[in-house]
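Next come the chains, spelled out residue by residue.
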Amino acid sequence: MDGPVSAKARKALAAADPTMGALIERLGKLDIETRLKRRAEERPPDAYGALLRAIVGQQLSTRAARTIYLRVVDLFGGATPSPEQLLKAEEGDLRACGLSGRKTEYLRDLAARVLGGQLELDRLQDLGDEEVIKEIVAVRGLGRWTAEMFLIFHLERPDVLSGGDLGIRKAIQKEYALEEMPAPTRALEIGEPWRPHRSLASLYLWESLAMVPS
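Remember, predicted model here, so these are calculated numbers, not experimental data.

What counts and how
- Residues numbered from 1 in each chain as written.
- Predicted model: local features only at pLDDT ≥ 70, side-chain atom pairs only at ≥ 80, totals over all residues.
- Heavy atoms only, no water.
- Helix = DSSP H or I, 4+ residues; strand = E, 2+ residues; numbered from the N terminus.
- Rg over C-alpha atoms; globule rule 2.2 N^0.38 Å.
- Contact = heavy atoms within 4.5 Å.
- Areas by Shrake-Rupley, 256 points an atom, 1.4 Å probe, with all protein chains shown as cover.
- Lys, Arg positive; Asp, Glu negative; His and termini not counted.
- Charge placed at Lys NZ, Arg CZ, Asp CG, Glu CD.
- Expected span 1.5 Å × (residues − 1).
- Buried < 20%, exposed > 50% of the residue type's maximum accessible area, 1.4 Å probe, protein only.
- Arc of directions from axis to C-beta.
- Core = buried A, V, L, I, M, F, W, Y, C linked by side-chain atoms within 4.5 Å.
- Salt bridge = Lys/Arg side-chain N within 4 Å of Asp/Glu carboxyl O.
- Polar contact = N/O pair within 3.5 Å; in protein donor to acceptor, adjacent residues only side chain to side chain.
- Phe/Tyr/Trp six-rings, centres within 6.5 Å; stacked < 30°, edge-to-face > 60°.

Caption draft 1: Main features of the overall build of the protein. A tally of regular secondary structure across the protein gives 13 helices and zero strands. Compactness check: the protein gives a C-alpha radius of gyration of 18 Å against a globular reference of 17 Å for 214 residues, within 12% of the reference. Taken over the C-alpha atoms alone, the protein extends approximately 55 × 35 × 35 Å along its principal axes. Pairs at least 24 residues apart make up 64% of the contacts formed inside the protein by residues separated by at least 6 positions. Counting every atom, the protein has about 11,000 Å² of accessible surface; 51% of that belongs to carbon and sulfur. On the protein, the mean spot of the 31 positive side-chain charges and the mean spot of the 32 negative ones are 3 Å from each other.

The following block contains the structure:
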């Protein structure tokens, strides 16, 4: 899919930064829909499921994260467990899926916040980017990087750049011929000209390394 919005964004991004323009020319058409298809396997489409999957996959390889997530799903009859189910589940059963004790605590905290109304997932789409980040990082085990990936891939926000993302920083070092990998703050500075299309710029940077953030 290459709609007028994506084409217009690519054109504006290329005009704003010659280096990014060269990257776009080299990699060709790329948009959020294309990237979402690559991330679709075992990725719950709902906000709660997406955050649950993010916790399961933390600090794991893509393969290991997928394996453990599928075990969790199988434990609950092949579907993403509801908050009620998670809170009622035996810790030993969750640990048997491959979850650490800490991740089990994180999942329970997510479930408790959703049930208790502290995290109102339905209203996240109505909040600004920083407000969404604030809501998500209040959950134990969910940090800013996870919130930024949620903004890009779940809410499809157009102007998000994760300065702390290792792939982004590696790609910037490569494309901008830097001697060292830029610090997160420096990566954000380099990305200032990309506004308001920093999410699209991120997609191109990841694609340049053939990486998919998990």
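Back to the text.
Caption draft 2: Layout of helix α5 (residues 62–75). A rise of 1.5 Å per residue sets the reference length of α5, with its 14 residues, at 20 Å; its end C-alpha atoms lie 20 Å apart and thus fit the reference within 8%. The complete set of buried residues in α5 reads Ala65, Ile68, Tyr69, Val72 and Val73. All buried residues of α5 lie within an arc of 140 degrees about the axis, which places them on one face of the element. Facing away from the buried side of α5, by more than 90 degrees, are the exposed residues Arg63 and Asp74.

Caption draft 3: Fine view of the nonpolar core. Core analysis: the biggest nonpolar cluster contains 59 residues, and Met20, Phe150 and Trp194 have the highest contact counts within it. Ranked by residues supplied to this core, first place goes to helix α4 (residues 47–57) with seven residues.

Caption draft 4: Structural context of the environment of Pro44. Within the fold, Pro44 resides in the loop between α3 (32–39) and α4. Sequence-distant contacts of Pro44, defined by excluding residues within four places in its chain, comprise Gly49, Ala50, Arg53, Tyr69 and Thr80.

Caption draft 5: Local environment of unusual backbone geometry. The step from Arg195 to Pro196 runs through a cis peptide bond, and the omega angle for that step is 0 degrees. Along the chain, the position of Pro196 falls in the loop between α12 (184–190) and α13 (198–208). Backbone geometry places Gln59, a non-glycine residue, at a positive phi of 60 degrees. Residue placement: Gln59 occurs in the loop between α4 and α5. At Ala177, a position not held by glycine, the phi torsion is positive, near 50 degrees. A residue is classified by how much of its surface remains accessible, and Ala177, at 68% relative accessible area, is exposed.

Caption draft 6: Up close: the side chain of Asp17. Note that Asp17 resides in the loop between α1 (4–16) and α2 (18–27). Comment: no salt bridge for buried Asp17; closest opposite-charge side chain is Arg186, at 9.9 Å. Within the structure, the side chain of Asp17 is placed 2.9 Å from the side chain of Trp194, a separation counted as a polar contact. Sequence-distant contacts of Asp17, that is, excluding residues within four places in its chain, are made with Tyr176 and Trp194.

Caption draft 7: Summary view of the packing of aromatic side chains. The full count for this structure, using the stated rule, is two aromatic pairs. Centroid distance Tyr176 to Trp194: 6.5 Å. Interplanar angle 40 degrees. Geometry classified as tilted. Here Trp194 lies in the loop between α12 and α13 and Tyr176 lies in the loop between α11 (166–175) and α12, a separation of 18 residues in the sequence. Among the residues examined, Trp194 registers a relative accessible area of 0% and is labelled buried.

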